[in-house]
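This is what each chain is made of:
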Amino acid sequence: METIRITSLCLLLGTGSLAVANSAGTDASAPAADSWPIFRGDRSLHGVSSTVLPDSPALLWTFKTGGPVKSSAIVVGDRVFIGSDDGHLHAIGLENGTEIWKYKTDGPVEAPPLHVEGKIYVGSHDGHLHSVDAATGNFLWKHQTGDKIVGSANVISSGADGLRILTGSYDNRLYCLDGNTGEELWSYETDNYINGSPAVANGRTVFGGCDALLHVISLADGKPVKSVEAGAYIIGSVAVSENRAYFGHYDNEFLCIDLESGETVWRYRDRNFPYQSSPAVSGQRVVFGGRDKRLHCVNREDGEPLWTFATRGKVDSSPVIAGDKVVVGSDDGRLYLVALEDGAETWSFEIGQGIASSPAVAAGRILIGSDDGGVYCFGAR
């Protein structure tokens, strides 16, 4: 394994499924406009939606769970799936916000769910990755890890290549599981918690850890390809595009890394606040939130700042780019739309309590959770 050092301070459920090639495939494509089957929209975690949003979305419905909602939603066909700190995975009707079913775990469900081939996969604070039937919510299997799971699972392959699922855990391990049985196929051990979701691209998975390393792992056998020292905890998920990794860390920097050489392409440092938000990457722009209460947009090629947008609370919510708009929540209790071109606010809605959940954007709608226990749906009335 190669280690590179960086100088840094420290029911329509048949539709909308995640399209998956084999494990040697290239970067995942953007989801269909009516689908958001995985956290950040696709396997490479780009955070880009192809749906068209109204300029001034209306609140269409609210669904109340029994605890804060830090999980992020997915949208598959006519259903929304999201976890809650009430210990349940909830299936909700996209059109009217009514509960279809709920599945109980033995701990808070902060992890965003994943949908593949009619199955939902979701991690829990109970230390298990759970698999349930998307149509009924019936239990299929669960796989025990040594600690809680807070990041979304991802899928390596499906169909004739066999269904294989990735998940990270606070037991410091990344697991590759048989998606039909939950059997462990391989695992990879790091030196600290895995908080984010693993990205999948080009036959590899890429993720950051609380061990301050960017890990690049072969999907075929779970063997390390290289690790890159980032210098501080990587809490959020890493976006991978065109063989580059984009991520922020807790020593107040946002980095772009060339995955072949392991070299730093550029680094962005603004004020002395960490980055936990996962980035959205589209065209020539990278957009991410900061604990400095701002949304940042930089040039994808060189990391030069293009604009910042100020909120009144930390922005751990991960933004989504939808056409000429950026959607993001803030700990100030507001959901925002800002212009991708210049960061000007075009719309906001005051939910009231903090938003750590990240938006799911599909079918002309925005789905997001809040610390008040609510799941909110916005769109054209």
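The structure reproduced in this document is the subject of the present report.

Here is what the cut-offs are and how they apply
- Residues numbered from 1 in each chain as written.
- Predicted model: local features only at pLDDT ≥ 70, side-chain atom pairs only at ≥ 80, totals over all residues.
- Heavy atoms only, no water.
- Helix = DSSP H or I, 4+ residues; strand = E, 2+ residues; numbered from the N terminus.
- Rg over C-alpha atoms; globule rule 2.2 N^0.38 Å.
- Buried < 20%, exposed > 50% of the residue type's maximum accessible area, 1.4 Å probe, protein only.
- Areas by Shrake-Rupley, 256 points an atom, 1.4 Å probe, with all protein chains shown as cover.
- Lys, Arg positive; Asp, Glu negative; His and termini not counted.
- Charge placed at Lys NZ, Arg CZ, Asp CG, Glu CD.
- Core = buried A, V, L, I, M, F, W, Y, C linked by side-chain atoms within 4.5 Å.
- Contact = heavy atoms within 4.5 Å.
- Pairing = 2+ DSSP bridges.
- Axes fitted to C-alpha atoms, helices over the stretch in contact; angles between N-to-C directions.
- Polar contact = N/O pair within 3.5 Å; in protein donor to acceptor, adjacent residues only side chain to side chain.
- Disulfide = S-S within 2.5 Å.
- Phe/Tyr/Trp six-rings, centres within 6.5 Å; stacked < 30°, edge-to-face > 60°.
- Lys NZ or Arg CZ within 6 Å of the ring centre and 35° of its normal.

### Observations regarding the overall build of the protein
Stage number 1. What the protein contains, in helices and strands, is zero helices and 34 strands.
Stage number 2. Taken over C-alpha atoms, the radius of gyration comes to 19 Å for the protein, in line with the 21 Å a tight globule of 381 residues would show.
Stage number 3. A principal-axis box enclosing the C-alpha atoms of the protein has dimensions of 50 × 50 × 30 Å.
Stage number 4. Of all 381 residues assigned to the protein, the portion counted as buried reaches 64%.
Stage number 5. A total accessible area of about 12900 Å² is found for the protein, and carbon and sulfur atoms account for 45% of it.
Stage number 6. Taking the average location of the 31 positive side-chain charges in the protein and that of its 47 negative ones, the two points are 3 Å from each other.

### Remarks on the nonpolar core
Stage number 1. Counting residues in each nonpolar core, the largest one holds 29 residues, and the members touching the most others are Trp61, Val75, Val80, Leu335 and Leu367.
Stage number 2. Mapped onto this core, the elements with two or more residues apiece are β3 (58–64), β5 (79–83), β28 (320–322), β30 (334–339), β32 (360–362), β33 (365–369) and β34 (374–379).
Stage number 3. The element contributing the most residues to this core is β34, with four residues.
Stage number 4. With near-sequence residues (within four places) excluded, Val80 lies in contact with Trp61, Ala73, Ile74, Val75, His90, Ala91, Ile92, Leu94 and Leu367.
Stage number 5. Counting 16 residues, the second largest nonpolar core, distinct from the first, contains Val216, Val228, Ala245 and Leu259.

### Notes on the sheet that holds strand β26 (residues 294–299)
Stage number 1. Spatially, the four strands line up as an open sheet ordered β24-β25-β26-β27, and their pairing is antiparallel. The sheet is open, and its two edges are formed by β24 (280–282) and β27 (305–310), each paired on a single side. When strand polarity is set aside, the average angle formed by the axes of neighbouring strands in this sheet is 15 degrees.
Stage number 2. Here three bridges tie β24 to strand β25 (residues 285–289), and the two strands are oriented antiparallel to one another. Note on β25: the bridge partner recorded for Val281 is Val286.

### Describing the side chain of Asn252
Stage number 1. With respect to the secondary-structure elements, Asn252 resides in the loop between β21 (244–248) and β22 (254–258).
Stage number 2. Under the relative-accessibility criterion, Asn252 is labelled buried at 10%.
Stage number 3. Here Phe273 takes part through its backbone nitrogen, which lies 3.3 Å from a polar atom of the side chain of Asn252.
Stage number 4. Those residues in contact with Asn252, other than ones at most four positions away along the chain, are Tyr268, Arg269, Arg271, Asn272, Phe273, Pro274 and Tyr275.

### Topic: the pairing of strand β11 (residues 139–144)
Successive side chains on a regular strand alternate, one facing one side of the sheet and the next facing the other.
Stage number 1. Bridge count for strand β10 (residues 128–133) against β11 is five bridges, and the pairing is antiparallel. Among the inter-strand pairings, Ser131 is bridged to a residue of β11, identified as Trp141.
Stage number 2. Between β10 and the antiparallel strand that follows it, β11, lie five residues; Gly137 among them carries a positive phi value of about 80 degrees.

### So, the pairing of strand β29 (residues 325–329)
Stage number 1. By the criterion of burial, β29 is predominantly enclosed, with five of the five residues buried.
Stage number 2. The two faces of β29 match: Lys325, Val327 and Gly329 on one face and Val326 and Val328 on the other face are all buried.
Stage number 3. Taken together, β28 and the strand that follows it, β29, pair antiparallel across an intervening segment of two residues, in which Gly323 is found at a positive phi of about 65 degrees.
Stage number 4. Where β29 meets β30, five bridges bridge the pair, whose relative direction is antiparallel. What sits directly across from Val326, in β30, is Val338.

### Describing the state of the cysteines
Stage number 1. Throughout the structure, instances matching the rule amount to zero disulfides.
Stage number 2. Not engaged in a disulfide, the cysteine Cys256 finds its nearest cysteine sulfur in Cys297; these two sulfurs lie 14 Å apart.
Stage number 3. For Cys256, a relative accessible area of 0% translates into the label buried.

### Details of the sheet that holds β22
Stage number 1. Pairing is antiparallel in the open sheet, where four strands are placed in the order β20-β21-β22-β23. Each edge of the sheet is formed by a strand with only one pairing partner; in this case those strands are β20 (239–241) and β23 (264–268). The sheet shows a mean angle of 15 degrees between the axes of neighbouring strands, direction not considered.
Stage number 2. As judged from the three bridges shared by β20 and β21, these two strands associate in the antiparallel manner. Paired with Ala239 across the two strands is Tyr246, which belongs to β21.

### Considerations on the packing of aromatic side chains
Stage number 1. Scanning the model with the defined rule gives 16 aromatic pairs in all.
Stage number 2. Here the aromatic residues Tyr246, Phe254, Trp266, Tyr268, Tyr275 and Phe288 are joined through ring pairs into a cluster of three or more.
Stage number 3. Looking at Lys148, its charged tip hangs above the ring of Tyr170, at a distance of 4.7 Å from the centre.

### Some words on the environment of Val132
Stage number 1. With respect to the element layout, Val132 can be found in strand β10.
Stage number 2. Each C-alpha atom, one on Val132 and one on Asn272, is 42 Å from the other, the two residues being 140 residues apart in sequence.
Stage number 3. Setting aside residues no more than four positions away along its own chain, Val132 makes contact with Leu89, Trp101, Tyr103, Gly118, Lys119, Ile120, Gly137, Asn138, Phe139 and Leu140.

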